[in-house]
Amino acid sequence: MATKDTAKAIRQNHPTGQVVLVLQGGGALGAYQLGVYQALHEAGIEPDWVVGTSIGAINGALIAGNPPEKRMDRLHEFWDRMELNKTNPFSTGFGLFGNALTNANTTTFGIPGFFSPNPLALLGQKTKLGIEKASYYSTQPLRDTLTHLVDFEYLQSKTTRLTVGAVNANTGAMRYFDSRTDDLTVEHVMASGALPPAFPAIRIDGEPYWDGGIYSNTPVEVVLDDNPRRDSTIFTIQLWNPEGPEPESLWAINERQKDIQFSSRANSHIAKQQQIHNLRHIIRELAMQMPEKLRASKEVKALTAWGCGTTMHVVRMLAPRIEGEDSSKDIDFTHQGITARWQAGLNDAVRVIEATPWHQSVDARDGVVIHNFEHGHS
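Residues numbered from 1 in each chain as written. Predicted model: local features only at pLDDT ≥ 70, side-chain atom pairs only at ≥ 80, totals over all residues. Heavy atoms only, no water.

(A) Molecular detail of the overall build of the protein. Secondary structure summary: the protein contains 14 helices and 11 strands in total. Relative to its full complement of 378 residues, the protein shows a buried share of 49%. At a minimum sequence separation of 6, the contacts of the protein that also span at least 24 residues come to 76%. Only carbon and sulfur atoms are counted for the fraction: they give 55% of the accessible area of the protein, which is about 18200 Å². (Helix = DSSP H or I, 4+ residues; strand = E, 2+ residues; numbered from the N terminus. Buried < 20%, exposed > 50% of the residue type's maximum accessible area, 1.4 Å probe, protein only. Contact = heavy atoms within 4.5 Å. Areas by Shrake-Rupley, 256 points an atom, 1.4 Å probe, with all protein chains shown as cover.)

(B) The pattern of salt bridges, seen in detail. Applying the stated criterion to the full structure yields 19 salt bridges. Arg161 is paired through a salt bridge with Asp178; the nearest N and O atoms lie 2.6 Å apart. Pair noted here: Arg161 is in strand 5 (residues 161-168) and Asp178 is in strand 6 (residues 174-178), with a separation of 17 residues, a long-range link. Each member of the pair, Arg161 as well as Asp178, is classed as buried. With a shortest N-O distance of 3.1 Å, Arg161 and Asp226 are connected by a salt bridge. Taken together, the residues span a long stretch of sequence, with Arg161 in strand 5 and Asp226 in the loop between helix 9 (221-224) and strand 9 (232-238) at a distance of 65 residues. There is no split in this pair, since Arg161 and Asp226 are both buried. One network of salt bridges, in which partners are shared, links Glu255, Arg256, Asp259, Arg321, Glu325, Lys329, Asp332 and Arg341. (Salt bridge = Lys/Arg side-chain N within 4 Å of Asp/Glu carboxyl O.)

(C) Here's a closer look at a nonpolar patch on the surface. Together, Leu279, Ile282 and Leu286 give the surface a local cluster of nonpolar side chains, amounting to about 280 Å² of exposed area. Inspection of the secondary structure assignment puts Leu286 in helix 11 (residues 266-288). The class for Leu286 is exposed, based on a relative accessible area of 53%. (Patch = residues over 30% accessible without salt bridge, like charges linked within 9 Å, V, L, I, M, F, W, Y side chains within 5 Å.)

(D) Fine view of the nonpolar core. In this structure, Leu21, Phe78, Trp79, Phe235, Met317 and Phe333 are the most contacted members of the largest nonpolar core, which totals 70 residues. Apart from the residues lying within four places of it in its own chain, the contact partners of Phe235 are Pro15, Val19, Val20, Leu21, Val22, Leu40, Val315, Val352 and Trp358. By size, the runner-up hydrophobic cluster in this structure holds 13 residues, among which are Val220, Leu224, Ile234 and Ile270. (Core = buried A, V, L, I, M, F, W, Y, C linked by side-chain atoms within 4.5 Å.)

Structure, rendered in structure tokens:
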């Protein structure tokens, strides 16, 4: 039971407005997100809304699809199922070479509880299997895992809002499935993580969908575009670093290419939204300078409706590079990899919570206030 001092500390540290957790896709890198959520959970900060893509959608479903007291247990169980060391013979005693063997084992045999090799893929690349079967792996194990660990009835009660992003394989258009308006099912979560050609498309309402990360891997824009707008503290957890050293080998180039592709222009998206929201604040400030009679006119009301007085604190956390990782880091489901990323997320989020950046004073014209936190730096 929390003491009075603990409860007071929670109230003082609690973010302003609605709490939003935005989770990027990145396979095994998603373990970092668990550490971040653990720190928030232990500080008494639960999200009102979770937005996710790919592994972020899966982690998001485990959070939003369970009551707070069950969330950490469900997250632990999911990632325990993902961990390879229990069955992999190369997990210990081989150092970095062992990690390479482990990753090779993953691509050959899959991960129990997540994906398994698709025998139909052996028929050849030109064999017409249909979009729901044309993949290197089957994700039926993931369906079974999510069905067991996510309470979709609880999710549909809309206690905690969940939004997952997927891209229509026919039109190329991004679609956000939102529990506020849709009854989300296991298909919606799986569609957000259906990365081609490894995983098959998931059909929803007759349309095939792939992993939203191939279009936008950091879906923070869905929060900043939301209507009605609300004061918010948005924790956006980035797993891929858009900046890095110049690569000097083919192996390093492959890793750098992934970092750039899957960071998905997150910085430019937020900068654009920052400009839009600042303009909304300026419109509001200008309206306040007008005579009351002018403000009351129908024409001016229509124009000033574009104004806004909400403040959104965007807390950007960037996962660190783990020693020894390479271009296969997103399939590094080893005990060492998962544990290191989980602990890094926990440590970083504790530091963010202690800093309480959402309590700093802001200019009245600032609609979006950005707080950058990198591992070991603020």
